[in-house]
Amino acid sequence: MAVNAFPSMDIQRAASVLRSARALFITSGAGMGVDSGLPDFRGPEGFWKAYPPLRKLGIRFPEMSNPSWFDTDPRFAWGFFGHRYNLYSAATPHRGFGILLEWATEMMADGYFVFTSNVDGQFQKAGFDADRIVECHGTIHCHQCTDPPVLLHRDAAAACIWPVADGTTYDVDMDTLRMRGPLPHGPPGKERPLPARPNILMFDDYSWLADRTSGQKKSFESFRNGIRAKNSSSVVVEIGAGNAVPTVRYTSEALAASSNCSLIRINPLEPEVGLDGDRHISLRMKGLEALERINEALNRHQ
């Protein structure tokens, strides 16, 4: 579907679709956090701008976000992920999160669900119900064992995933990107704690424990099936999800394939919707700007 050359017309269309919807699916990628000051790691230059020591070493994001570092150089691994944890924990969700929450809780008679590839926990911090969120790549706010025994005994998986304690910060030398002090171990209370890593799906990752995310996905599917059973009109608002890792885009388009569901895709670089039908809307804009403009259009017609 072509992108409209007159975005104000599509803003009005987006507002109209939201007014008529009874259920809202919010899907998001890394671009959602940019307006909160978080890096999106788009391309090596964007990644190296956030992590200058890795530029010197020529290490790119797919190479750094790899569980092998926890075996070969755990202080280096925790320097990277510890800094990310500090950054995400200190970030304040931008106004767009609040706008989405208002739409979800005040306009949608049949409710909402969030599906995000972001691991930063910003939706929870913004006030969204944690039981209505899928974090398809996991979260930096939980740890797991680096070499979990549950790979052989899946029934014990839940015991090898645990939340990071409130108030945690990591001491990272940003000149070397190495963590100082004791390395994380767990689970808490275990007589002989095991080396830990974030419960995040990394590249070439065969030891990620997906049990927490799988539970979220079951709730998501239950909600989706309920909306289908009621034949409710719904809308997908997708923000900042690119084609490099297209999990979110595929999910958005699968939801919008239903005849009574529209997709509003917000992306400054890749806004095109690969679906037929004029009910779908492409906005070549940053997330916060688009959400604010749609919200203004909604408020003008109350």
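Predicted model only: the values in this text are computed from it and were never measured. (Residues numbered from 1 in each chain as written. Predicted model: local features only at pLDDT ≥ 70, side-chain atom pairs only at ≥ 80, totals over all residues. Heavy atoms only, no water.)

Draft legend 1. Looking closely at the layout of surface pockets. The space that makes up the largest pocket amounts to roughly 1,100 Å³. Taken together, 45 residues make up the lining of the largest pocket; nearest its centre are Ala30, Asp40, Phe41, Phe61 and Val245. If you tally residues by element for the lining of the largest pocket, the top one is helix H2 (residues 43–50), at 3 residues. Considered class by class, the residues forming the lining of the largest pocket number 24 nonpolar, 13 polar and 8 charged. (1 Å grid on protein atoms, 1.4 Å probe; cavity = no way out; pocket = protein on both sides within 12 Å on 5 of 7 lines; lining within 4 Å. Points joined across faces, edges and corners; volume = space filled by probe spheres on them. Helix = DSSP H or I, 4+ residues; strand = E, 2+ residues; numbered from the N terminus. Nonpolar A, V, L, I, M, F, W, Y, C, P; charged D, E, K, R; others polar.)

Draft legend 2. The arrangement of the packing of aromatic side chains in detail. Considering all chains together, one arrives at 20 aromatic pairs under this definition. Here the aromatic rings of tryptophan 69 and phenylalanine 76 are separated by 5.0 Å at their centres, their planes lie at 80°, and the arrangement is edge-to-face. Ring geometry for phenylalanine 113 against phenylalanine 220: centres 5.5 Å apart, planes inclined by 75°, an arrangement best described as edge-to-face. You can see phenylalanine 113 sitting in strand E2 (residues 112–116) and its partner phenylalanine 220 sitting in helix H9 (residues 211–230), a full 107 residues away along the chain. Take phenylalanine 220: its relative accessible area is 4%, and that puts it in the buried class. (Phe/Tyr/Trp six-rings, centres within 6.5 Å; stacked < 30°, edge-to-face > 60°. Buried < 20%, exposed > 50% of the residue type's maximum accessible area, 1.4 Å probe, protein only.)

Draft legend 3. Spotlight on the pairing of strand E9 (residues 194–200). With 5 of its 7 residues buried, E9 lies for the most part within the structure. In the sheet, strand E4 (residues 138–145) pairs with E9 via 5 bridges, with the strands oriented antiparallel. Residue pairing across strands places glycine 138 opposite isoleucine 200, the latter belonging to E9. With 2 bridges connecting them, strand E8 (residues 185–186) and E9 associate as antiparallel partners. Directly across from histidine 185, in E9, lies its bridge partner proline 195. (Pairing = 2+ DSSP bridges.)

Draft legend 4. Molecular detail of unusual backbone geometry. Residue proline 187 is bonded to the preceding glycine 186 through a cis peptide linkage, with omega at 0°. Assignment of secondary structure puts proline 187 in the loop between E8 and E9. Backbone geometry at leucine 177 places phi at a positive 55°, although glycine is not the residue there. Structurally, leucine 177 can be placed in the loop between strand E6 (172–173) and strand E7 (178–179). Residue class for leucine 177 comes out buried when judged on its relative accessible area of 0%. The phi torsion at aspartate 204 lies on the positive side, around 50°, for a residue other than glycine. Summarising the element assignment, aspartate 204 is placed in the loop between E9 and H9.

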